[in-house]
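# Observations on the three-dimensional arrangement
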Amino acid sequence: MEQGVSFDLDLIRRYDQSGPRYTSYPTAVEFDESFNQAAYQAACARSNASGRPLSLYFHIPFCDTVCFYCACNKIATKDRSLAPPYLARVYRELEMQAALFDKSRVVEQLHWGGGTPTFLSHDQMIELMEVTRRHFTLTDDDSGEFSIEIDPREADASTVKLLRQIGFNRMSLGVQDFDERVQAAVNRFQTEAQTMTVLEAALAEGFRSTSIDLIYGLPFQSVESFMKTLERVIEVNPQRLSVFNYAHLPERFKPQRRISETDLPTAQVKLDILQSTIARLTEAGYVFIGMDHFARPDDELAVAQRAGTLYRNFQGYSTHAHCDLIGIGVTSIGMIDNTYGQNRRELNEYYADIDAGRLPVFRGLELNRDDLIRRDVITRLICHFQLDKAAIAEKWDIAFDEYFADSLVKLTGMEDDGLVTIDADHIRIQARGRLLVRNICMAFDAYLATKTGPIGFSKVI
Ligand code: SF4
């Protein structure tokens, strides 16, 4: 299916509301502490019967300096001596987690995120990968998807070379904006040269995919300034681009209090930046994957989208729908069998559990049948912009229109506005509805319907 996207200012204004990003359904807001270590262990035992491959996510929480726009789980510190005690706990957790999974299950996907994974020294990176290989069976023929988030201020050509040697073949780079005034306002000083060094090294070392993250809506940005950054990025031709909308929520995220609201671009300027960005990336040959993501047509994400196999999980869009995901490290979230389980969010609590020989999973959720059906629907819509009602009906043994009668009523207005078309067999999100895919998915979210008052999610655009 051709994934065109169109920008309709009037529609965007009318549908401007807050909503989940659906990296999971139900969202993490629904997790609770009745899902404990015993429930997690039971899920792991069930998942072994499936023999599915595995995906490992590692959270490295440390950052050398704090970017004022940041809403991630991180610990800002210049103290590199914090890394060894953290890694010691990660190794212990790896051992505990590995004991729950059949060794025959191959790790096809691995991701280091943060924080800043490149906060670790080269020796620490080598060691972390070695210990992982000791406990889990990683693909060793470079066929896996082994990716890392790189802060170009914390990496150079030797880092990239080393990462390739220990098995990584994909990377994403935080850039956000090359404009110096913007960088000063968000406390992220990063030269173009630093970014280009890493990108050139990635190309030379044979990384299969590079992705660049940009953010619009930061202080002092204008259409003109942002387009300058975008042009530089297009010149280096990354396979993927993520263009995130900055959500200014200083009451929730402390570093954002250091951003002066008066320096932020107006809502109109933000929309103008988004419109120009979409137009320019489309012109440069990128495909709109959905929700802030663009990719070259030959990139795996675009290929998977065309083949109907694209998936979405806590790391965003993915091609590994068939894996069970194990989260390692503080705050990490795993997805095993029909459950989500999250590790402790405070470092001292994470350490206390590990030191006591307990798995640090402290909350989560066991999905019921309705959750599974709705997750399937939301995933298909968000990844492929269309839904075959008969396929869902057959898979789940339901009468689609009856089961989702309430959702279909909620979509009526969106159908009238041309966001979606609905017929007897399909729901199809149209080009003008694709930027608003979150709104469309929200119609199928059973939990949102029960909420009153502010729901604590970011704006959909
Ligand atoms: S944006 Fe990234 S590098 Fe900056 S503080 Fe947040 S996690 Fe750290």
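This structure is a prediction, so every number in the text was calculated from the model and none was measured.

How each quantity is defined
Throughout, residues of each chain are indexed from 1 in the direction in which the sequence is written. Reporting of local features is limited, given that this is a predicted model, to residues whose pLDDT is at least 70; pairs of side-chain atoms are given and counted only at 80 or more, and all residues count toward the totals for whole chains, interfaces and linings. Side-chain figures throughout are based on the complete set of non-hydrogen atoms in the structure, without hydrogens or water. Note on conventions: DSSP H or I runs of at least 4 residues are helices, E runs of at least 2 residues are strands, and numbering of each starts at the N terminus. Under the scheme applied here, a residue whose accessible area is under 20% of the maximum for its type counts as buried, over 50% as exposed, and between as partly exposed, the area being computed with a 1.4 Å probe on protein chains only. Any two residues having at least one pair of non-hydrogen atoms within 4.5 Å are treated as being in contact. Definition of a polar contact: a pair of N or O atoms within 3.5 Å, with one able to donate and the other able to accept a hydrogen when the atoms are protein atoms, and with sequence-neighbouring residues admitted only if both atoms are side-chain atoms. Near, as used in this document, describes a residue that has one of its heavy atoms within 4 Å of the molecule or strand being considered. Gly counts as polar in this scheme, as do all residues outside two lists: the nonpolar Ala, Val, Leu, Ile, Met, Phe, Trp, Tyr, Cys and Pro, and the charged Asp, Glu, Lys and Arg. Domain start and stop positions are those given by an automatic or database domain assignment. Once two parts are brought into contact, the accessible area they lose, counted with a 1.4 Å probe and summed over both, makes up the buried area. Here, a salt bridge means any Lys or Arg side-chain nitrogen found within 4 Å of an Asp or Glu carboxyl oxygen. In this scheme, strands are said to pair when DSSP sees at least two bridges between them. Axis angles are defined between N-to-C directions and span 0 to 180 degrees, where every axis is a line fitted to C-alpha atoms and, for a helix, only to the segment in contact. Any angle that is under 35 degrees is reported as roughly parallel, and any over 145 degrees as roughly antiparallel; angles of 65 to 115 degrees are reported as roughly perpendicular and all others as oblique.

### A short note on the environment of N187
Structurally, N187 is set in the loop between α6 (180-186) and α7 (192-205). On the accessibility criterion, N187 (22% relative accessible area) is partly exposed. C-alpha separation for the pair N187 and V66, spaced 121 residues apart in sequence, amounts to 7.1 Å. Not counting residues within four places of it along the chain, the set of residues in contact with N187 comprises T65, V66, C67, F68 and R153. Among the polar contacts made by the side chain of N187, one reaches the main-chain carbonyl oxygen of V66 at a distance of 2.8 Å.

### Description of the site of the ligand
Taken together, C63, T65, V66, C67, Y69, C70, G115, T116, R153 and R188 are the residues near the ligand. Taken together, the residues of the shell around the ligand break down into five nonpolar, three polar and two charged.

### Notes on the domain arrangement of the protein
For the protein, the domain assignment lists domain 1 (1-26 + 368-461) and domain 2 (30-326). Taken together, the 26 residues of domain 1 in the interface contact 28 residues of domain 2. Together domain 1 and domain 2 conceal approximately 2300 Å² of surface at their shared face, both sides included; 63% is due to carbon and sulfur atoms. Summed over the shared surface of domain 1 and domain 2, the result is one salt bridge. The shortest N-O distance in the salt bridge between D292 and R21 comes to 2.5 Å. At the junction of domain 1 with domain 2, the criterion picks out seven residue pairs in polar contact (both at pLDDT 80 or more). Taken together, the elements giving at least two residues each to the side of domain 1 that touches domain 2 come down to α1 (9-14), α12 (369-384) and α17 (437-442). By residue number, the principal contributor to the side of domain 1 that touches domain 2 is α12, which donates four residues. Here the residues of the side of domain 1 that touches domain 2 sort into 13 nonpolar, seven polar and six charged.

### Here's the deal with the sheet that holds strand β18 (residues 386-388)
Taken together, three strands build an open sheet; the order of strands is β18-β20-β19 and the sheet is antiparallel. Edge positions in the open sheet fall to β18 and β19 (420-422), since each of these has one partner strand only. Geometrically, the sheet is characterised by an average inter-axis angle of 10° between neighbouring strands, direction not taken into account. Of the pairings in the sheet, the one linking β19 to strand β20 (residues 426-429) comprises three bridges and is antiparallel in character. Looking at β20, one finds that T421 is bridged to R428. Those strands touched by α12 are β18 and β20, and its axis lies near 135° from that of β18. Contacting β18, β19 and β20, helix α13 (residues 389-396) crosses the sheet at an angle of about 50° to β18.

### Side note on the packing of helix α4 (residues 122-135) against helix α5 (residues 157-165)
Relative to each other, α4 and α5 sit at 10°, their axes nearing to 11 Å. On the basis of their axis angle, the class for α4 and α5 is roughly parallel. Facing α4, whose interface residues are H122, M125 and I126, α5 presents S158, T159, L162 and L163. Of the residues assigned to the contact of α4 with α5, the class counts are four nonpolar, three polar and no charged.

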